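Coordinate analysis (summary)
Residues per chain, in single letters:
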Amino acid sequence: MAIKYIKYIDKINLKGKRVLIRVDLNVPLDKNKNITDGNRIQSVLPTINYSIKQDAKIILMSHLGRPKGKPDTEFSLLPVAKYLCEVLQKKVILAPDCIGQEVEKLVSEMQPRDILLLENLRFHPEEEKNDREFGRKLANLADVYINDAFGTAHRAHASNVAVVEFFKEFGGGFLMKNEIEYFRKAMVEPARPLVAIMGGAKVSEKLDALENLIQKVDKIFIGGGMAYTFLKALGYDVGKSLVEGDLIETAKMIMAKAKERKVALLLPVDCVAADQLDSRASTKITSIQEIPPGWMGLDIGPATRVLFAESLAEAKTIVWNGPMGVFEMEPFSKGTFAMVEALAESSALTIVGGGDTDVAVHKLNAADKISYISTGGGAFIEILKGKPLPSISVLERTG
Ligand code: AMP
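Residues numbered from 1 in each chain as written. Predicted model: local features only at pLDDT ≥ 70, side-chain atom pairs only at ≥ 80, totals over all residues. Heavy atoms only, no water.

1. Focus: the packing of helix α2 (residues 45–53) against helix α3 (residues 78–88)
As a reminder of what qualifies: Each axis is a line fitted through C-alpha atoms, and for a helix only the stretch in contact is used; angles between axes span 0 to 180 degrees, taken between their N-to-C directions. Only DSSP runs of H or I with at least four residues qualify as helices, and only runs of E with at least two residues qualify as strands; both kinds are numbered from the N terminus onward. Crossings are assigned a handedness: left-handed for a near helix turned anticlockwise from the far helix by less than a right angle, right-handed for a clockwise turn. Only heavy atoms enter the contact rule, under which two residues are in contact if any of them lie within 4.5 Å.
In the contact formed by α2 and α3, the axes pass within 12 Å of each other and the chain directions differ by 65 degrees. As α2 packs across α3, the resulting crossing turns out to be right-handed. Note on element contacts: α3 touches α2 through L84, V87 and L88, opposite L45, I48, N49 and I52.

Put into structure tokens, the structure is as follows:
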């Protein structure tokens, strides 16, 4: 049977070649255009540094923000070019655009080890339309294509899908390799028991992921705002907690499926209840049965923290997405931080993904105690849904 595989950058000859690398440099900026979190840039440095060592001519491309399909200095990649210069200790030229004669001229003047950063791809509406002609124009700039932008892997855009068909030599970068390898270890061939921890605000945003996970995991914990739709479905009065009324039947169906598959589905038994969503709210710890009328559950309670942490004891693989409570506010942060600590202490393979979840891990300085922190919020959720990601599918070869 033909096996699908992805060729990675370390198996591709880059020497003297023009290498077009799609990276996700969509970093947050403050009003003075300072980068407030450079993690996304840091995570693609291994691919860039490797390309330098291989004497490639390096052409980087990315989007930044939502410039609505036309040039807008507000969304220029200039701050990123400066940041790259500093961390690489190398000159990085920012092109005036991502396609066109001026860019072609800059590329034609490149020497091995030079780095050219193309201006924001989304200055052209064709990028988000996955336009074939735009993809061809980007491809004309280079000999080899590398995709290292896991953060945008769930979107079919010209720079990560249409562009690929114009290259004989293409593959994934080191970040992409890590993300795909860890995903395989967690969801395709997991060491069992495999435990999923799901949290965050709404069931509706993670419904497909929950339905897929129920088919794969041995245990699943549901915390955060999501839990209250399930608790309501079980007949509890959860006061003003976040409940999606139209999903109560779906929650019942998910619980029935879990039972049928003998998957242990754990819900909170207690919570930190508050009279309003405010860090200065009156709070009390109550069992789920005793949330006062008009109050809302904003974090898992101490008994649930122990229940969830102890239920991880046997786990060999743990996948976590979404906070256990409104952890941005100190009174409702203990549940999420307790899960960070439980994962940090676990000897299982631990994989954390989704913007908010990794923020909690970093806040506790626990990143080095987690096996892998995914860089893709949306892409990570798509992976949990079990759906193929378009820009990864086009990198696959059959052989
Ligand atoms: P998500 O992006 O779906 O992972 O949701 C993250 C958000 O869920 C965070 O901003 C939390 O404040 C919020 N959240 C977590 N638990 C609760 C809760 N019990 N009630 C309301 N919002 C919550």
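2. Quick look at the sheet that holds strand β6 (residues 144–147)
The cut-off we apply is this: By this definition, two strands are paired if DSSP reports at least two bridges between them.
The 6 strands are arranged β4-β5-β3-β2-β6-β7 in an open sheet whose pairing can be described as parallel. Taken across any chain shown, the strands that pair with only one partner, and hence form the sheet edges, are β4 (92–94) and β7 (169–172). Each adjacent strand pair in this sheet contributes to an overall mean axis angle of 20 degrees, direction not counted. Here β6 pairs with β7 via 4 bridges, running parallel. Following the sheet pairing, N147 is matched in β7 by G172. Taken strand by strand, α3 contacts β3 (57–61), β4 and β5 (115–117), and its axis lies near 175 degrees from that of β4.

3. Concerning the pattern of salt bridges
Test applied: What makes a salt bridge here is a side-chain nitrogen of Lys or Arg within 4 Å of a carboxyl oxygen of Asp or Glu, nothing more. Only protein chains enter the accessibility calculation, which uses a 1.4 Å probe; a residue whose area is less than 20% of its type maximum is buried, one above 50% is exposed, and one in between is partly exposed.
One pass over the full model with this rule turns up 20 salt bridges. Put simply, K177 and D10 hold a salt bridge, and the shortest N to O gap is 3.4 Å. Taken together, the residues span a long stretch of sequence, with K177 in helix α7 (residues 174–188) and D10 in the loop between β1 (4–6) and β2 (18–22) at a distance of 167 residues. Close ionic contact of E249 with K252 constitutes a salt bridge, the shortest N to O distance being 3.3 Å. Of this pair, E249 and K252 both sit in helix α10 (residues 248–260), 3 residues apart, which is roughly one turn of that helix. Note on K252: relative accessible area 38%, which makes it partly exposed.

4. Overview of the sheet that holds strand β12 (residues 283–287)
Pairing within the open sheet is antiparallel, and its 3 strands lie in the order β12-β11-β13. The open sheet terminates on both sides in strands that have one partner only, identified here as β12 and β13 (296–300). Strand-to-strand, the axes of this sheet are offset by a mean angle of 40 degrees, without reference to chain direction. The strands touched by helix α11 (residues 302–310) within the sheet are β11 (270–274), β12 and β13, with β13 carrying the most contacts at an inclination of about 40 degrees.

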